[in-house]
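# Coordinate inspection notes
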Amino acid sequence: MFITQDINKLTGEVKDRLDAILVITQRAFDLVKYDGPYFIAGGSLFSATMGKDDYDNVDVFFYSKIDYDDALEKIATYVDSALNLSGEGSDTGDNGPHINLCTFKTSTSLAVSGPFSDDVNLELRSTHFGFPEEIMRKFDIVNAMIALTSSDELITSTKLDQNLRVNLNEIVSTTIDGYFKYTERKGAIDPGMNALHGI
């Protein structure tokens, strides 16, 4: 079960942390002129709700492959024009943001750094397309079931809390890495090591 709320009605430190993640993502998309719908989900948002800033990537999902392809096309056009302007990669100048693009099997990584963020990789996920609730049901780590849409909706699972749980039907080879990342850096706990034993 999921709860949807307007992020603008939240207050305090958690709202500030969530806003920071949305701002980094939106500024990168503004830079490349992508204005289509998307949502952020997973570990960076979980970290923010636990009062932590410990994330180096933001998982970005799209409602359709068409939206994903449009975003990639805009990014590629931006990177190509930046290469032509500077001759030295996707650098837009000494004070401007830097964007580097790498493609992986499950995502396209958009490395963003510059005046509006520390180095953060936006992982444009290409494994699943659909609505946030659909995508989050496929997560291996249940605690990561939190999404923030480009229209300022915060969607959270009723299971969102500090106690780490795994979806036994979605365990993959990297779930163990995720387990340690969540327990060591993101504020999750595993009383009795039940989640670890399930993996």
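Since we're looking at a predicted model, the values are computed, not measured.

### With respect to the overall build of the protein
Secondary structure summary: the protein contains six helices and eight strands in total. Along the protein, from the amino end to the carboxyl end, the secondary structure elements read β-α-β-α-β-α-β-β-β-α-β-β-α-α. Residue burial in the protein is summarised as follows: out of 199 residues, 44% are buried. Excluding contacts between residues fewer than 6 apart, the proportion of contacts in the protein whose partners are at least 24 apart in sequence is 60%. As presented, the protein carries roughly 10000 Å² of accessible surface, and 50% of it is formed by carbon and sulfur atoms.

### Some remarks on the side chain of threonine 25
Within the secondary structure, threonine 25 is located in helix H1 (residues 12–32). In this structure, threonine 25 is in contact with Tyr38, Ile40, Val58, Val60 and Leu122, ignoring residues within four places of it in sequence.

### Comments concerning the pairing of strand S8 (residues 153–157)
The buried fraction of S8 is high, at four of five residues. As defined by bridge partners, strand S7 (residues 146–149) adjoins S8 across three bridges and the pair is classed as antiparallel. Residue pairing in the sheet places isoleucine 146 in a bridge with threonine 156 of S8. Here S7 folds back onto S8, and the loop between the two strands holds three residues, one of which, aspartate 152, carries a positive phi near 65°.

### Things to note about the pattern of salt bridges
Any two side chains of opposite charge can pair, so long as their charged atoms come close to each other. Per the counting criterion, the structure on display carries five salt bridges. One salt bridge in this structure joins lysine 65 and aspartate 69, with 2.9 Å as the shortest N-O distance. Pair noted here: lysine 65 and aspartate 69 are both in helix H3 (residues 65–86), with a separation of four residues, about one helical turn. Classification of aspartate 69 as partly exposed rests on a relative accessible area of 34%.

### Let's talk about the packing of aromatic side chains
Applying the stated criterion across every chain, the model contains twelve aromatic pairs. Seen from their ring centres, phenylalanine 62 and tyrosine 68 are 5.7 Å apart, and the 70° between their planes marks the pair as edge-to-face. Accessibility expressed as a relative area gives 6% for tyrosine 68, which makes it buried. These aromatic residues form a ring-pair network of at least three members: Phe29, Tyr34, Tyr38, Phe62, Tyr68 and Phe129. Over the ring of tyrosine 182 we find lysine 186; its NZ or CZ atom is 5.9 Å from the centre of that ring.

### Looking at helix H5 (residues 175–185)
One turn of an α-helix holds 3.6 residues; hence residues three or four places apart share an orientation. Residues of H5 that are buried include every one of Thr175, Gly178, Tyr179 and Tyr182, and no others. Axial view of H5: buried residues confined to an arc of 105°, hence all on one face. Relative to its buried face, H5 has exposed residues pointing more than 90 degrees away, namely Asp177 and Glu184. Contacts made by the buried residues of H5 are with helix H2 (43–49) and helix H6 (194–198). Phi turns positive one or two residues past the end of H5, at glycine 187, with a value near 95°.

### Quick word on unusual backbone geometry
Of note in the backbone geometry, lysine 33 takes a positive phi value of approximately 70° without being a glycine. Its place among the elements puts lysine 33 in the loop between H1 and strand S2 (39–41). Backbone geometry at aspartate 152 places phi at a positive 65°, although glycine is not the residue there. Note on placement: aspartate 152 falls in the loop between S7 and S8. Take aspartate 152: its relative accessible area is 23%, and that puts it in the partly exposed class.

Conventions used here
- Residues numbered from 1 in each chain as written.
- Predicted model: local features only at pLDDT ≥ 70, side-chain atom pairs only at ≥ 80, totals over all residues.
- Heavy atoms only, no water.
- Helix = DSSP H or I, 4+ residues; strand = E, 2+ residues; numbered from the N terminus.
- Buried < 20%, exposed > 50% of the residue type's maximum accessible area, 1.4 Å probe, protein only.
- Contact = heavy atoms within 4.5 Å.
- Areas by Shrake-Rupley, 256 points an atom, 1.4 Å probe, with all protein chains shown as cover.
- Pairing = 2+ DSSP bridges.
- Salt bridge = Lys/Arg side-chain N within 4 Å of Asp/Glu carboxyl O.
- Phe/Tyr/Trp six-rings, centres within 6.5 Å; stacked < 30°, edge-to-face > 60°.
- Lys NZ or Arg CZ within 6 Å of the ring centre and 35° of its normal.
- Arc of directions from axis to C-beta.

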